Amino acid sequence: MKDIGKIFTGRYSAVSASEQEAANKLQSMTSSDSAMGMQSVANPSATAAALAALQRAHRRRSLKANRSVQPMDILNSFFNEPNHGKRNRVPTRAFLLLAIGVLAITTAVLVKVFQPYDLIFKWKLIMAEGGEIFNLWSQPPVDLYIKIYLFNITNAEAFLAGRENLKVEQIGPYVYKEIMTHENITFNENNTMSSTPSHPLVWQEHLSEGRREDDPVVMLNIAMLAISHLTAKHPFFVRMALKTLFVSTKSEPIVKTTAKEFMFGYPSALATLGNTFLPNWISFEKVGLIDRMYDFSTDFETFYTGQSDPSLSGLYATYRGETNLPQWTNDHCSNIEYASDGTKFKSFILHNETVKFFRKSMCRPIQLYRVGGEKTFGSLKGYSYVFEENAFDNGLTNKANKCFCRKGECQPVGLIDVTDCYYGFPISLSFPHFMNGDERLQKNITGLNPESSKHSSEFVIQPESGLPLSLSVKLQINMHFKDLYNYPAVSRFSHLTAPMLWFEIMMPKLPESLDSRFNFYLNLLPWVNPLCFWSALLLGTGFLVYAITKATLHISSYASKAAKISESKYVRINLFQNITGVAASQVYGHCDMKVLNDRTEANSLIEQPKDDVSPNGNRKSIFALEMEPALSDADDIGDDGNDCVLVTLCENPTTSRSCRE
């Protein structure tokens with residue numbers, strides 16, 4: 001029993017003596033038998049072959065026989081398998097699945113943390129020369145129109161004679177397509193870009209509902225009324241000179257002209273004289289409201305590229321080199337920074353967040369508020385934004401709007417004084433038909449009929465991109481007069497706000513090409529995040545579960561084999577001791593010798609010594625130790641693909657007896 005410890009510390013538990021010793025003793029036994037004159041070996045060549053085989057077995061011990069059953073060895077066997085016919089080992093499929101599973105779960109975590117769609121989308125929002133969003137901004141491929149409605153005066157004589165209030169009728173629409181572009185773009189080092197705006201108009205007769213540009217209309221003489229208003233408080237001799245000029249040029253406060261001439265300018269002696277003698281004030285020879293409103297020749301603008309903050313790309317940084325408009329004194333009224341010109345609004349707009357809009361014709365920035373629920377235009381969804389409540393109240397309700405009172409003089413509610421933006425002409429803006437304005441504004445004019453459904457402005461904006469899906473900006477241009485009694489020819493206009501036209505800048509919807517492109521960006525591409533996350537997570541989890549399960553089963557299999565080894569014939573007495581004379585406590589390796597009963601042609605007969613007869617008269621059989629049963633599976637092979645050298649020895653009770661087990 002003292003050798004039991006050696007049983008578990010050798011290569012296999014059955015190994016306690018070297019094969020070399022067995023070979024030496026076998027050789028001694030053979031020599032001793034020859035000297036004693038006993039019966040010699042029937043086949044000496046077989047005995048020599050057995051000795052050589054024992055020596056080869058000593059040199060080529062199985063790799064598995066040298067391993068102890070340890071967890072890391074089991075996992076190594078599980079994750080690697082021998083490449084058939086070669087000594088190197090390659091990863092198994094289970095190991096590859098485990099690696100892929102870990103990689104997939106890592107990918108899912110990275111997707112959740114970094115949100116690749118958001119990174120890609122923010123990158124796409126940044127303005128860069130030649131970039132997609134830059135090209136869309138510089139030359140928007142949209143159908144942008146301006147609809148113009150004129151207030152034709154129907155009782156000019158009766159009004160000037162003082163018999164009736166001014167009576168007007170709305171005619172139109174006169175529709176023009178606006179080709180909005182940003183030209184001469186220069187990128188600056190402070191993440192901004194400078195440009196000059198261009199908004200040429202193209203007549204759209206098919207959208208004008210039968211109206212023509214040469215339609216005759218009766219309108220206000222803007223030049224005469226503007227000069228009268230500006231000089232009403234001047235000294236007497238100045239007013240007398242102007243009265244003489246009015247008479248000599250046969251100027252009348254109400255004139256007949258065509259629709260196009262009124263909108264884009266008509267020849268006027270007063271405008272020509274003003275351009276000649278006062279070029280710094282009147283730099284044009286013809287006076288036309290739309291022509292002046294779309295005069296961008298002196299404008300230059302700077303916009304953010306979005307490099308530092310992608311949500312601000314395409315928004316105003318400065319207008320004419322300043323963040324504030326010079327005609328207003330407070331940031332609430334004058335600051336145009338982060339405002340949109342209508343091409344693109346702020347991106348990633350929150351539910352309760354306002355956006356800012358600025359256009360030269362408005363002469364002021366204005367806040368837009370979200371109202372109502374989600375709307376669908378084409379394949380995209382957005383929200384409605386409207387002008388801030390009491391936008392034209394001049395501080396009566398919203399005290400912050402007090403700064404719109406020019407030079408401290410506040411006009412009636414519903415008007416905003418934009419004189420400084422229209423060459424000093426007494427121009428005021430309002431909503432169409434004086435909607436939401438002071439009742440006195442409508443009281444002095446006949447023919448106005450404000451309706452919220454027809455005259456309200458609305459912007460539909462996709463909040464993630466800031467893309468306008470639809471827009472409708474409606475404003476009215478009026479002339480607001482003070483005391484004109486010093487000029488009898490125009491005295492009927494004293495303290496009157498006379499409407500001239502109202503316009504709607506509109507984009508009914510996005511073109512199909514743009515709708516399809518942004519449908520991919522805004523509706524389809526966002527699925528990248530959840531699909532990548534859940535796909536990677538499920539795939540990784542599945543692979544990990546499979547690999548771990550297989551590893552567990554593999555470990556269980558090895559544990560079962562180890563249990564069988566511990567319970568099997570580890571201490572089987574090597575019957576070869578009958579030949580070698582080794583003590584009963586000594587055993588040999590499992591591959592040292594093996595009886596092959598089916599190969600009788602290789603059997604060798606060795607005579608047993610006479611003193612090895614048992615007391616009951618039976619000879620002791622001379623056998624080699626069989627391979628240990630727990631490791632004798634067909635798939636347990638050694639490094640070289642060979643198991644062990646098989647040495648077959650048989651007893652020979654008589655010289656002619658066959659081998660038996």
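Higher on the page you've got the structure.
Bear in mind that the values here come from a model prediction, so they are computed numbers and not experimental data.

**Student:** Got a sec to walk through the overall build of the chain? Specific residues and values, please.
**Tutor:** Across its full length, the chain carries 20 helices and 24 strands. Evaluated residue by residue, the chain yields a buried proportion of 48% over its 661 residues. Of the contacts formed within the chain by residues at least 6 apart in sequence, a portion of 68% connects residues at least 24 apart. Summed over its atoms, the accessible surface of the chain is roughly 32900 Å², and 55% of this surface lies on carbon and sulfur atoms.

**Student:** Explain the pairing of strand β22 (residues 497–507) to me, using residue names and the numbers behind them.
**Tutor:** The side chains of a regular strand alternate, residue by residue, between the two faces of the sheet. Counting buried positions over the eleven residues of β22 gives eleven, a clear majority of the element. Across six bridges, strand β3 (residues 145–153) lies against β22 in antiparallel orientation. The residue of β22 that forms the bridge with Ile146 is Ile505. Bridge count for strand β21 (residues 467–480) against β22 is ten bridges, and the pairing is antiparallel.

**Student:** Give a description of helix α11 (residues 236–248) that names residues and reports values.
**Tutor:** With 13 residues, α11 extends 18 Å from end C-alpha to end C-alpha; this agrees with the ideal 18 Å at 1.5 Å per step. When we look at burial in α11, the residues that qualify are Arg239, Leu242 and Phe246. Within α11, the buried residues cover an arc of 65 degrees as seen down the axis, which keeps them to one side. Those residues of α11 that are exposed and aimed more than 90 degrees away from the buried face are Phe237, Thr244, Val247 and Ser248. Phi turns positive one or two residues past the end of α11, at Lys250, with a value near 55 degrees.

**Student:** Can you tell me about the environment of Val460, naming the residues and giving the values?
**Tutor:** Relative to the assigned elements, Val460 resides in strand β20 (residues 458–462). For Val460, a relative accessible area of 1% puts it in the buried group. Spatially, the C-alpha atoms of Val460 and Leu471 are 6.0 Å apart, while their sequence positions differ by eleven residues.

**Student:** I'd like to hear about the state of the cysteines, residue by residue, with values.
**Tutor:** Applying the stated criterion to the full structure yields three disulfides. Each sulfur of the disulfide joining Cys333 and Cys403 lies 1.5 Å from the other. Taking the sign of the S-S torsion, about 75 degrees here, the bridge from Cys333 to Cys403 comes out right-handed. Highlighted residues: Cys333 in helix α15 (residues 331–334) and Cys403 in the loop between β16 (380–387) and β17 (416–417), separated in sequence by 70 residues. Cys333 gets classed as buried once you look at its relative accessible area, which sits at 0%. There is a disulfide in this structure between Cys363 and Cys421, and the S-S distance comes to 1.7 Å.

**Student:** Give me the packing of aromatic side chains: which residues, what numbers.
**Tutor:** Counted according to the given criterion, the structure contains 26 aromatic pairs. Centre to centre, the rings of Tyr294 and Phe296 are 6.2 Å apart; their planes meet at 80 degrees, and the pair counts as edge-to-face. The same class applies to Tyr294 and to Phe296, which are both buried. Centre to centre, the rings of Tyr316 and Phe358 are 5.5 Å apart; their planes meet at 75 degrees, and the pair counts as edge-to-face. One end of the pair, Tyr316, is in strand β13 (residues 316–319); the other, Phe358, is in strand β14 (residues 355–359), with 42 residues separating them in the sequence. Comparing Tyr316 with Phe358 shows no difference in burial state: the two are buried. By the ring-pair criterion, three or more aromatic residues cluster together here, those being Phe134, Trp137, Phe187, Phe303, Tyr316, Tyr319 and Phe358. Sitting over the ring of Phe533, Lys112 keeps its end group 5.1 Å from the ring centre.

**Student:** Can you lay out the nonpolar core for me, pointing to particular residues and giving the numbers?
**Tutor:** By size, the foremost hydrophobic cluster in this structure holds 114 residues, and its most contacted members are Ile148, Leu150, Phe459, Ile477 and Phe493. What Leu150 contacts, discounting residues up to four positions off in sequence, is Glu169, Gln170, Ile171, Tyr174, Val217, Met219, Ala259, Phe262, Met263, Met500 and Leu501.

Calculation criteria
Residues numbered from 1 in each chain as written. Predicted model: local features only at pLDDT ≥ 70, side-chain atom pairs only at ≥ 80, totals over all residues. Heavy atoms only, no water. Helix = DSSP H or I, 4+ residues; strand = E, 2+ residues; numbered from the N terminus. Buried < 20%, exposed > 50% of the residue type's maximum accessible area, 1.4 Å probe, protein only. Contact = heavy atoms within 4.5 Å. Areas by Shrake-Rupley, 256 points an atom, 1.4 Å probe, with all protein chains shown as cover. Pairing = 2+ DSSP bridges. Expected span 1.5 Å × (residues − 1). Arc of directions from axis to C-beta. Disulfide = S-S within 2.5 Å. Phe/Tyr/Trp six-rings, centres within 6.5 Å; stacked < 30°, edge-to-face > 60°. Lys NZ or Arg CZ within 6 Å of the ring centre and 35° of its normal. Core = buried A, V, L, I, M, F, W, Y, C linked by side-chain atoms within 4.5 Å.

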